[in-house]
Amino acid sequence: LIAAVPFEAAIAGLLPLSVRFFIDRVVGAGNQSGLTLALAFLGTGILLALGAGFLRDLLSPRFLSGFLMALRQRMFQRVQRLPLLSHSTPVHSGALPATDRSSAVVERFSGDTALIENAASRALPVFVVPVVRAILCTGVIFWLEWRAGLMALLLWPWILLAPSSAAARAARNREVVAEEEKHLLGIVKESMAAQLFIRAFSLEQLRLAGFRKRNQTLSREAARSRTFPALLETFASGGVLCILVAVAALNGWIASAADTTLSGGSIAAIQLLAIAVANALFSVNDYLPALAAGRAAKGRIDETLDESADVVDAAGAKILPSLQSEIGFSGVKFSYAPAAEPVTWQIAGITARIPKGTYVAFVGPSGCGKSTLLKLLLRFHDPAEGTVSIDGHSLKSVTQTSLRSRIGVVFQENPIFNAPIRENIRMARPDASEEAVTEAAQVA
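Okay, so let's go over this structure. (Residues numbered from 1 in each chain as written. Predicted model: local features only at pLDDT ≥ 70, side-chain atom pairs only at ≥ 80, totals over all residues. Heavy atoms only, no water.)

**Observations concerning the pattern of salt bridges**
All chains considered together, the criterion is met by 15 salt bridges. A salt bridge links Glu180 to Arg214; the shortest N-O distance between them is 3.0 Å. One end of the pair, Glu180, is in helix α6 (residues 167-193); the other, Arg214, is in helix α8 (residues 204-256), and 34 residues separate them in sequence. Classification of Arg214 as partly exposed rests on a relative accessible area of 27%. One salt bridge in this structure joins Asp302 and Lys298, with 3.0 Å as the shortest N-O distance. Residue Asp302 and its partner Lys298 are both found in helix α9 (residues 264-305); the two are separated by 4 residues, about one turn of the helix. Take Lys298: its relative accessible area is 36%, and that puts it in the partly exposed class. (Salt bridge = Lys/Arg side-chain N within 4 Å of Asp/Glu carboxyl O. Helix = DSSP H or I, 4+ residues; strand = E, 2+ residues; numbered from the N terminus. Buried < 20%, exposed > 50% of the residue type's maximum accessible area, 1.4 Å probe, protein only.)

**Observations concerning the nonpolar core**
Ile141, Leu155, Ile159, Ile270, Val277 and Leu281 are the most contacted members of the largest nonpolar core, which totals 27 residues. Residue assignment for this core shows that the elements contributing at least two residues are α3 (98-144), α4 (146-153), α5 (155-165), α8 and α9. By residue number, the principal contributor to this core is α9, which donates 10 residues. Listed in part, the 16 residues of the second largest apolar core include Ile327, Phe329, Leu377 and Val398. (Core = buried A, V, L, I, M, F, W, Y, C linked by side-chain atoms within 4.5 Å.)

**With respect to the packing of α4 against α8**
Remark: α4 packs on α8, axes separated minimally by 9 Å, with the N-to-C direction vectors making an angle of 170°. Viewed along their axes, α4 and α8 adopt a mutual orientation that is roughly antiparallel. Each of Arg147, Ala148, Met151 and Ala152 in α4 lies in contact with α8, whose residues at this interface are Ile243, Ala246, Val247, Leu250, Asn251, Trp253 and Ile254. (Axes fitted to C-alpha atoms, helices over the stretch in contact; angles between N-to-C directions. Parallel < 35°, antiparallel > 145°, perpendicular 65-115°, else oblique. Contact = heavy atoms within 4.5 Å.)

**Let's talk about the packing of aromatic side chains**
Per the counting criterion, the structure on display carries 3 aromatic pairs. With centroids separated by 4.8 Å and ring planes inclined at 40°, the aromatic side chains of Phe197 and Phe201 adopt a geometry described as tilted. (Phe/Tyr/Trp six-rings, centres within 6.5 Å; stacked < 30°, edge-to-face > 60°.)

**Describing the sheet that holds strand β4 (residues 393-394)**
Reading across from one edge, β2-β1-β3-β4 is the order of the 4 strands in this open sheet, with antiparallel pairing throughout. One side of each edge strand has no neighbouring strand; the edge strands of this open sheet are β2 (347-355) and β4. Looking at chain direction, strand β3 (residues 385-390) and β4 are connected through 2 bridges and run antiparallel. Along β4, the bridge assignment pairs Ile390 with His393. Across the sheet, helix α10 (residues 370-377) lies against β1 (326-334), β2 and β3, angled at about 115° from β1, the strand it touches most. (Pairing = 2+ DSSP bridges.)

**Quick look at unusual backbone geometry**
Phi at Ser202 takes a positive value of approximately 50°, unusual for a residue other than glycine. Following the sequence through the fold, Ser202 ends up in the loop between α7 (195-200) and α8. Relative accessible area serves as the criterion here: at 56%, Ser202 is assigned to the exposed category. A positive phi is found at Asp391, a non-glycine position, where the angle reads about 55°. Relative to the assigned elements, Asp391 resides in the loop between β3 and β4. On the accessibility criterion, Asp391 (21% relative accessible area) is partly exposed.

**Comments concerning the side chain of Ser335**
One can find Ser335 in the loop between β1 and β2. Here Ser335 falls in the buried class, since its relative accessible area comes to 16%.

**Quick word on a nonpolar patch on the surface**
A contiguous nonpolar patch, built from Leu15, Ile46, Leu47 and Leu50 and spanning about 380 Å² of accessible area, is present on the exposed surface. Sort the elements by how many residues they give to the nonpolar patch and helix α2 (residues 32-80) lands first, with 3 residues. Mapped onto the secondary structure, Ile46 falls in helix α2. (Patch = residues over 30% accessible without salt bridge, like charges linked within 9 Å, V, L, I, M, F, W, Y side chains within 5 Å. Areas by Shrake-Rupley, 256 points an atom, 1.4 Å probe, with all protein chains shown as cover.)

**Concerning the side chain of His381**
For His381, the position within the fold is in the loop between α10 and β3. According to the relative accessible area criterion, His381 is buried, its value standing at 4%. With residues near it in sequence (within four places) discarded, His381 still touches Leu84, Asp310, Val311, Phe334, Tyr336, Lys375 and Leu376.

**Here we look at the packing of α8 against α9**
Contact geometry of α8 with α9 gives a least axis separation of 10 Å together with a crossing angle of 165°. For the element pair α8 / α9, the angle class is roughly antiparallel. For the crossing formed where α8 meets α9, the hand is right-handed. Residues Ala236, Ser237, Val240, Leu244, Val247, Ala248, Asn251 and Ala255 of α8 lie in contact with α9, whose contacting residues are Ile267, Ile270, Gln271, Ala274, Ile275, Ala278 and Phe282. Partitioned by chemical class, the residues of the contact of α8 with α9 number 12 nonpolar, 3 polar and no charged. (Left-handed = near helix turned anticlockwise from the far one by under 90°. Nonpolar A, V, L, I, M, F, W, Y, C, P; charged D, E, K, R; others polar.)

In structure tokens form, the structure reads like this:
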């Protein structure tokens, strides 16, 4: 795939050199055989470039699909290792609601993955190939006339550095617009959710006035954010035209010198090459925002999904045997509050023995710690103080997989996965027979 890039880029230098040959060797000398040879050479080059482009178009979608598939797979593997608080939020935890956490993770898989896909899909045709083309054409200009090459070299910083130097300001403007849009959408959501209240107290005009003010602010900031990039683009385009005119003037001055060796064909080729360099660099400059958006999306993915698991197996953790005598809680304390905040214990100093073969019910008001005790027993969390054990084995000393394989749990709410009912029933035992699945359905 990468090997096709030089062939695509070479055509940009081949055409101006062909023009040079036509002017100097064919038109000027009346060389008909040279015309045939040049056309054959040019045609061969075009066919090679088209073939390379066809190969790129054939292989790029497969490569991109494989890349995105591997990226999504790695992301989903990381989701499985996220701390439990990223999936559900206990009472009084102070953490983000579970819906907000879930929305953030889903956004990483949808919006942010789409931004990475956009950057990756455009990288080869609008970034890599143009960069190689600009380097090649600049080198050919230097080969033809080094002074014209120095002048053409000004195109690089003018097109690439001038806009990128103002990228930070443009990004700040976009952030302001995004924030204003968020406020505007917030007013819409509030109004939709509070329709009864608004109409009962005749607040329609008040809400309209608030929306009008926020809408005007958004319009003003949006206009400002669009004006600056437009002026910058005009500035860059005007500068490029000035440089191209300067290259032409320099060529004319060199050609008018008495001892010049610069031919008319070389002058035309240099001018065409300079235009090719400018066009290639403009393509690169247009791609830079997509590249920045893709990098920012990758950063958000890492920030959201790189949380360390709050419960991990200890080095040398053992397989938990079947229950023999009892489950024990010894001086257990636990809090959902972050370490930097004052401790509010959900469970404070619980000590209990639950012998094998007995039934135990934990009764209390909402938020008193009933579900938390179950989560500690399943080792979704570790206690801040004290020990949870089975037959004297601290849960921290055994593997999580072996612990949970010994426990059957019925939650207050159970999910139905997006799969046939048969597969939902078979979820915990994928190898269950059809008869066992039918029997379980009948019992339920």
